[in-house]
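Fold and contact review
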Amino acid sequence: MPDQARIIDGKAAAAALRAEIGREVAAIKAERGLAPGLHVVLVGEDPASRVYVTSKEKLAAEIGMNSVAHRLPAETSEAELLAKIASLNADDTVDGILVQLPLPKHIDTGTIIDAIDPAKDVDGLHPINAGKLAGGKNGLVPCTPLGCMLLLRQALPTLAGLEAVVIGRSELVGRPVAQLLLQADCTVTIAHSRTRDLAAVVRRADIVVAAVGRPHFVRGDWIKPGATVIDVGINRTPDGKLVGDVDFAEAVGIAAAITPVPGGVGPMTIACLLRNTLTAFRARRG
């Protein structure tokens, strides 16, 4: 085992993936005169959401996609948002639809996600896509879990037979990444707040995916020497720093490879959104 873990560079991996998608989009444009269309819907003025939407819009345009952001006021009703989604579902120039979360409290998130055409659901959250993932069938996969898997495949020669522990059971990350790890022939444990002796469970893992939303929750002595650690957490400390769910300073001397925060999983999420948009375009248009 090295004295210090190899840092898994999510920024470089995301840039390479965007470049690859850009080449494919250019080829499609040259052949068909079409480009995948990504439409992002933002309701309200949440500062973090505005930054995310602007970034998604910019990166999609940079690789040649038709990128449109629909910015709606915070007082938009659920019925008005459903009407907007219905119009995007019916628009053949729209290949991918993403409704930026969180939504204002007066709008039910589940109702909105259910209304998106599953074939255009580039966030991969529609129940039909979740069911396909659970059944091992092809569908659109949530972006962050997909990014985690791409980073793992770059870091490890094979995933088959490895023991993986996913800390967190959310529908956004924990559950889907566990399904993807199962499909990769890992032995998977989903751990959570009620797991007994969590440190011991984590300590046996060859792969640790931390997605609990608690800064420095996973300590270095929880990590098996030589394990690969994917830190999904993005937490802001009182002094304004961004840190992960894993205590990086402790874990970096024990793990074989680890993602930093920032600069690890985060950049891959948007790159995988673009990949999902290209996947949706191909599936819809042959």
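Residues numbered from 1 in each chain as written. Predicted model: local features only at pLDDT ≥ 70, side-chain atom pairs only at ≥ 80, totals over all residues. Heavy atoms only, no water.

A look at the overall build of the protein chain
Test applied: Helix and strand assignments follow DSSP, with helices taken as H or I runs no shorter than four residues and strands as E runs no shorter than two, numbered in order from the N terminus. For the radius of gyration, the atoms used are the C-alpha atoms, and the globule rule reads 2.2 Å times the number of residues raised to 0.38. Three exposure classes are used, based on accessible area relative to the maximum for each residue type with a 1.4 Å probe and protein chains only: buried under 20%, partly exposed in between, and exposed over 50%. Contacts between residues were defined by any pair of non-hydrogen atoms, one from each residue, lying within 4.5 Å. The protein chains shown are the only cover counted for residues, whose accessible areas, like all others here, come from Shrake-Rupley with a 1.4 Å probe. A positive count includes Lys and Arg, and a negative count includes Asp and Glu. His and the chain ends are not counted in either. Charged side chains are reduced to one point each, which is NZ for Lys, CZ for Arg, CG for Asp and CD for Glu.
For the protein chain, the count of helices and strands is 10 helices and 11 strands. Expected size for 286 residues packed as a compact globule is a radius of gyration near 19 Å; at 19 Å, the protein chain falls within 12% of this value. With the principal axes as the frame, the protein chain shows a C-alpha extent of 50 × 45 × 40 Å. Within the protein chain, the proportion of its 286 residues that are buried is 48%. Considering only contacts within the protein chain whose residues lie at least 6 apart along the sequence, 71% involve residues at least 24 apart. As displayed, the protein chain has an accessible area near 13,200 Å², and 53% of this comes from carbon and sulfur atoms. For the protein chain, the distance from the average site of its 31 positive side-chain charges to the average site of its 31 negative ones is 2 Å.

What to know about unusual backbone geometry
Of the consecutive residues Leu-101 and Pro-102, the connecting peptide bond is found in the cis state with omega at 5 degrees. Examined against the element boundaries, Pro-102 turns out to sit in the loop between β4 (96-99) and α4 (109-115). Positive phi, normally seen in glycine, also occurs at Asp-185, with a value near 70 degrees. Since its relative accessible area comes to 52%, Asp-185 is described here as exposed. Non-glycine residue His-216 carries a positive phi angle of around 55 degrees. Position of His-216 relative to the elements: it lies in the loop between β7 (207-210) and β8 (228-231).

Let's talk about helix α1 (residues 10-32)
What counts, and what does not: One less than the number of residues in a helix, times 1.5 Å, gives the span that helix is expected to have. We call two N or O atoms a polar contact when they sit within 3.5 Å, provided that within protein one can donate a hydrogen and the other can accept it, with sequence-adjacent residues counted only if both atoms are side-chain atoms.
Between its first and last C-alpha, α1 extends 32 Å over 23 residues, near the 33 Å set by a 1.5 Å rise per residue. Listed as buried for α1 are Gly-10, Ala-13, Ala-14, Leu-17, Ile-21, Gly-22, Val-25 and Ile-28. Put simply, Asp-9 is the residue that caps the front of α1, since its side-chain oxygen is 3.1 Å from the backbone nitrogen of Lys-11. Positioned one or two residues after α1, Gly-33 has a phi angle of 70 degrees, which is positive.

Some thoughts on the layout of surface pockets
Counted only if it meets this: Cavities and pockets were defined on a 1 Å grid built over protein atoms only: a cavity is a set of grid points that admits a 1.4 Å probe from which the probe cannot escape, a pocket is an open set flanked by protein on both sides within 12 Å along at least five of seven lines, and lining residues are those with an atom within 4 Å of any such point. Grid points are joined across faces, edges and corners, and a volume is the space filled by probe spheres set on the points. In the scheme used here, Gly and all other residues not listed as nonpolar or charged are polar, with Ala, Val, Leu, Ile, Met, Phe, Trp, Tyr, Cys and Pro taken as nonpolar and Asp, Glu, Lys and Arg as charged.
By volume, the largest pocket amounts to about 1,400 Å³. Around the largest pocket, the lining comprises 45 residues; the ones closest to its centre are Tyr-52, Thr-144, Ile-234, Gly-266 and Thr-269. Broken down by secondary-structure element, the contributors of at least two residues to the lining of the largest pocket are α1, α2 (47-62), β4, α6 (143-155), β9 (235-236) and α10 (265-285). Residue composition of the lining of the largest pocket, grouped by class: 26 nonpolar, 11 polar and 8 charged. Along the walls of the second largest pocket sit 24 residues, with Lys-137, Asn-138, Gly-139, Leu-140 and Val-141 positioned nearest its centre. For the lining of the second largest pocket, the leading source of residues is α10, giving 6 residues.

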